[in-house]
Amino acid sequence: MKIGIVCYPTFGGSGVMATELGLALADKGHEIHFITYQQPVRLNVFRPNIYYHEVIVPKYPLFDFPPYETALASTMFNVVKNNGLDLLHVHYAIPHASSAYFARQMLRKQGSDIPFITTLHGTDITLVGKDSTYGCVVTFSINESDAITAVSENLKEETFKSFEIEKDILVIPNFVDAKRFHLTNKEHFKKMLAPNGERILAHVSNFRKVKRVEDVLAVFQKVHEKMPSKLLMIGDGPERQNAEDICRKLGICNDIRFLGKQDQMEEILNIADLFLLPSQYESFGLAALEAMACGVPVISSNAGGLPEINIHGKTGYLADVGDVEAMAKFAIQILEEETTLQTFKDNALAQASEFSIDKIVPMYEALYEEIALKK
Ligand code: GMT
């Protein structure tokens, strides 16, 4: 099939997932057209059946706010017409679903059509979408989608609670590419960061408030008091400066490394013993799944869709949002004993295989076929 994928091209989970999906579909022989305002971060490989169309937003002195949605709708319209696409798959409701609706209406006016599927990822519903400024457009464009998917049961429930949705929402969980995220021996690399066999804890995020990075540091401080350990903070965002200030105040800076945004996540995850994700909310928690695929157990909050991937007492532990005492206690329990750690690592690996490309991508393909047939 010829599929247009629209997403945010940055380091956020929705863009990462959309790009991974496009790559997996291309590997299966589909023709994939990415429509974004810059090259998606994980689209750093060449495939002959992948095309990239940049959305260019002209700037005029008149515009205090350049109309991105309009440029996006026009680009979608042109890409569909020029390449004979079968459908558009937009990731993140705002403004991708409303722009897709606009493009579809323009095509209908010309006697053609393009179905569009909207995949909800989380913040488009739980944070941004709920804002009354956007609410009516979000509701309208979700309802106008030919199909709606959500990345977890929890996000589906949240969407029905917050918006008047008139259609069913199909849950298709995120997946992990085992060709890239798998267990490999990185002992040499581990020795460089933890020369005395210290335990390595890791956190990956965009350092937004919702990630509660201060809780990551509080948990680490408690673990650090009990055992020699190091913390890797990967990613960047608005809370990074605050996090660096806290770690200086705590006096444990020598054992915390802020690595910034990283491309080779699988390399870094492979040296970690434990992954921390104490978020206020996660619709899914793709970062935790990628860690599990590298055999890393997870201590997370029990918010949102996290209990759907992190199994309490098996792949790691869950605790209430903000309960850093419990999180630290669980972390120590996993890290103290080599055999316990190994059991959790094995369980994490097994759980990640439930979210493999082979299991999840065919769910999207089945949906595409169903929707395209109705065209
Ligand atoms: O977590 C973020 O801040 C980024 C956000 C996004 O929209 O890109 O991630 C959301 O989508 C990911 C992929 O489906 C999920 O794994 C994340 O849990 C979800 N984030 C939130 O719900 C906060």
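Model, not experiment: these values are computed from the prediction.

Visitor: Would you mind going over helix α1 (residues 13-27) with me for this structure?
Guide: Helical periodicity: at 3.6 residues per turn, an α-helix aligns residues three or four positions apart in one direction. With 15 residues, α1 extends 21 Å from end C-alpha to end C-alpha; this agrees with the ideal 21 Å at 1.5 Å per step. Among the 15 residues of α1, 13 are classified as buried, and the element is accordingly described as predominantly covered. Downstream of α1 by a residue or two, Gly29 has a phi angle that is positive, lying close to 100°.

Visitor: Even after reading the chapter, I still don't get the site of the ligand, so can you show me in this structure?
Guide: The local shell around the ligand holds 18 residues, among which Ser14, His121, Arg208, Lys211 and Glu282 are the closest. In the model, an oxygen atom of the ligand is placed 2.6 Å from a nitrogen or oxygen of the Lys211 side chain. Contacts to the ligand include Gly285, whose backbone N or O atom sits 3.0 Å from an oxygen atom. Expressed as a share of its isolated accessible area of 490 Å², the protein-covered part of the ligand is 96%. Residues of the shell around the ligand, tallied by class, amount to five nonpolar, 10 polar and three charged. Both of domain 1 (2-175 + 356-374) and domain 2 (187-355) provide at least three residues apiece to the shell around the ligand.

Visitor: Looking at this structure, I do not really get a nonpolar patch on the surface. What am I missing?
Guide: Nonpolar side chains collect at one region of the surface, where Tyr60, Leu62 and Phe63 lie side by side and expose about 360 Å² of accessible area between them. Mapping Leu62 onto the fold places it in the loop between β3 (50-54) and α2 (68-83).

Visitor: Teacher, can you tell me more about the packing of helix α11 (residues 286-293) against helix α14 (residues 338-352) here?
Guide: The relative placement of two packed helices comes down to the angle between their axes together with the axis-to-axis distance. Relative orientation of the contacting elements α11 and α14 amounts to 115°, with a least axis distance of 7 Å. Note on packing geometry: the crossing formed by α11 with α14 is left-handed. Packed against α11, whose contacting residues are Leu289, Met292 and Ala293, the element α14 presents Ala348, Leu349, Gln351 and Ala352 at the interface. Residue classes in the contact of α11 with α14 are distributed as six nonpolar, one polar and no charged.

Scoring rules and cut-offs
Residues numbered from 1 in each chain as written. Predicted model: local features only at pLDDT ≥ 70, side-chain atom pairs only at ≥ 80, totals over all residues. Heavy atoms only, no water. Helix = DSSP H or I, 4+ residues; strand = E, 2+ residues; numbered from the N terminus. Expected span 1.5 Å × (residues − 1). Buried < 20%, exposed > 50% of the residue type's maximum accessible area, 1.4 Å probe, protein only. Near = heavy atom within 4 Å. Polar contact = N/O pair within 3.5 Å; in protein donor to acceptor, adjacent residues only side chain to side chain. Areas by Shrake-Rupley, 256 points an atom, 1.4 Å probe, with all protein chains shown as cover. Nonpolar A, V, L, I, M, F, W, Y, C, P; charged D, E, K, R; others polar. Domains from an automatic or database assignment. Patch = residues over 30% accessible without salt bridge, like charges linked within 9 Å, V, L, I, M, F, W, Y side chains within 5 Å. Salt bridge = Lys/Arg side-chain N within 4 Å of Asp/Glu carboxyl O. Axes fitted to C-alpha atoms, helices over the stretch in contact; angles between N-to-C directions. Left-handed = near helix turned anticlockwise from the far one by under 90°. Contact = heavy atoms within 4.5 Å.

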